[in-house]
Amino acid sequence: MSSIRRRSGADDAPSLAALLSEASRRASADLERVLGPEGLPVEQWRVLERLADGRGLTMSVLADEVEMKLPALSKLIDRMVGSALVQRAQDPVDQRRVLVYISDIGLEKHRLLRHRVRRTRHDLETRLGDERGRELRRLLEEFLRHPGA
């Protein structure tokens, strides 16, 4: 665990926060190796993945879904509109709202990459073996259900 900062103490073990952070970085790096050659940042992939069902989302809902702050997502969507990966359109039900949709180009990019991404995620999940992978998933889901005070 090369970049994990160790806390002081008798066991000198890395903190849980450091382990989670390093695991997230490694998972993102694995994904970047798949997406990078296609010129697609991980954040853009997460947006395409969420919009791939063809249903438009408001910016606030999309921000929650991809776990980004609204200003950062707005800039990302501007770049994605410029690359023709997504498009904005007025909500047909509420003309005051704008929805973001995946474009045909974005959908094609998603189709091109989804199997490679799925394989990369599968590889990540099987590194520990089925039983230990399921246990890690269960522990992480439990941890995420109970945010700290």
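Because the structure is a prediction, the values reported are computed rather than measured.

A. Looking closely at the overall build of the protein. If you tally the helices and strands in the protein, you get six helices and three strands. Helices and strands in the protein line up, N terminus first, as α-α-β-α-α-β-β-α-α. The C-alpha atoms of the protein give a radius of gyration of 18 Å, which is well past the 15 Å a tight globule of 149 residues would have. When its C-alpha atoms are laid out on the principal axes, the protein stretches across 60 × 35 × 25 Å.

B. Spotlight on the packing of helix α3 (residues 59-66) against helix α4 (residues 70-82). It is at 10 Å that the axes of α3 and α4 come closest, and there the two elements cross at 100°. With respect to each other, α3 and α4 are oriented roughly perpendicular. Between α3 and α4, the contacting residues are M59, S60, L62, A63 and V66 on the first element and L70, L73, S74 and I77 on the second. In terms of residue class, the contact of α3 with α4 is made up of seven nonpolar, two polar and no charged.

C. Focus on a nonpolar patch on the surface. Together, L16, F143 and L144 give the surface a local cluster of nonpolar side chains, amounting to about 350 Å² of exposed area. Looking at where L16 falls in the secondary structure, it is placed in helix α1 (residues 16-35).

D. Spatial organisation of the environment of D91. Residue position: D91 is located in the loop between β2 (86-90) and β3 (98-102). Put simply, D91 and T58 are 33 residues apart on the chain and 8.6 Å apart in space, counted from C-alpha to C-alpha. When neighbours within four sequence positions are excluded, D91 is seen to be in contact with R97, V98 and L99. Here V93 takes part through its backbone nitrogen, which lies 2.8 Å from a polar atom of the side chain of D91.

E. Structural context of the nonpolar core. Counting residues in each nonpolar core, the largest one holds 24 residues, and the members touching the most others are V47, L62, L73 and I77. Breaking this core down by element, the ones donating at least two residues are α1, α2 (42-51), α3, α4, β3 and α5 (104-126). The leading source of residues in this core is α2, at five residues. The contact partners of I77, leaving out residues within four places of it in the chain, are V47, M59, L62, V86, R88 and V100.

F. Representation of the packing of α2 against α3. Following both chains from N to C, one finds α2 and α3 inclined at 115°, their axes separated by 10 Å at the closest point. Accordingly, the angle class assigned to the pair α2 and α3 is roughly perpendicular. The crossing of α2 and α3 is right-handed. Each of R46, V47, R50 and L51 in α2 lies in contact with α3, whose residues at this interface are L62, E65 and V66. Residues that form the contact of α2 with α3 fall into these classes: four nonpolar, no polar and three charged.

Definitions and cut-offs
Residues numbered from 1 in each chain as written. Predicted model: local features only at pLDDT ≥ 70, side-chain atom pairs only at ≥ 80, totals over all residues. Heavy atoms only, no water. Helix = DSSP H or I, 4+ residues; strand = E, 2+ residues; numbered from the N terminus. Rg over C-alpha atoms; globule rule 2.2 N^0.38 Å. Axes fitted to C-alpha atoms, helices over the stretch in contact; angles between N-to-C directions. Parallel < 35°, antiparallel > 145°, perpendicular 65-115°, else oblique. Contact = heavy atoms within 4.5 Å. Nonpolar A, V, L, I, M, F, W, Y, C, P; charged D, E, K, R; others polar. Patch = residues over 30% accessible without salt bridge, like charges linked within 9 Å, V, L, I, M, F, W, Y side chains within 5 Å. Areas by Shrake-Rupley, 256 points an atom, 1.4 Å probe, with all protein chains shown as cover. Salt bridge = Lys/Arg side-chain N within 4 Å of Asp/Glu carboxyl O. Polar contact = N/O pair within 3.5 Å; in protein donor to acceptor, adjacent residues only side chain to side chain. Core = buried A, V, L, I, M, F, W, Y, C linked by side-chain atoms within 4.5 Å. Buried < 20%, exposed > 50% of the residue type's maximum accessible area, 1.4 Å probe, protein only. Left-handed = near helix turned anticlockwise from the far one by under 90°.

Geometry only, nothing functional implied.
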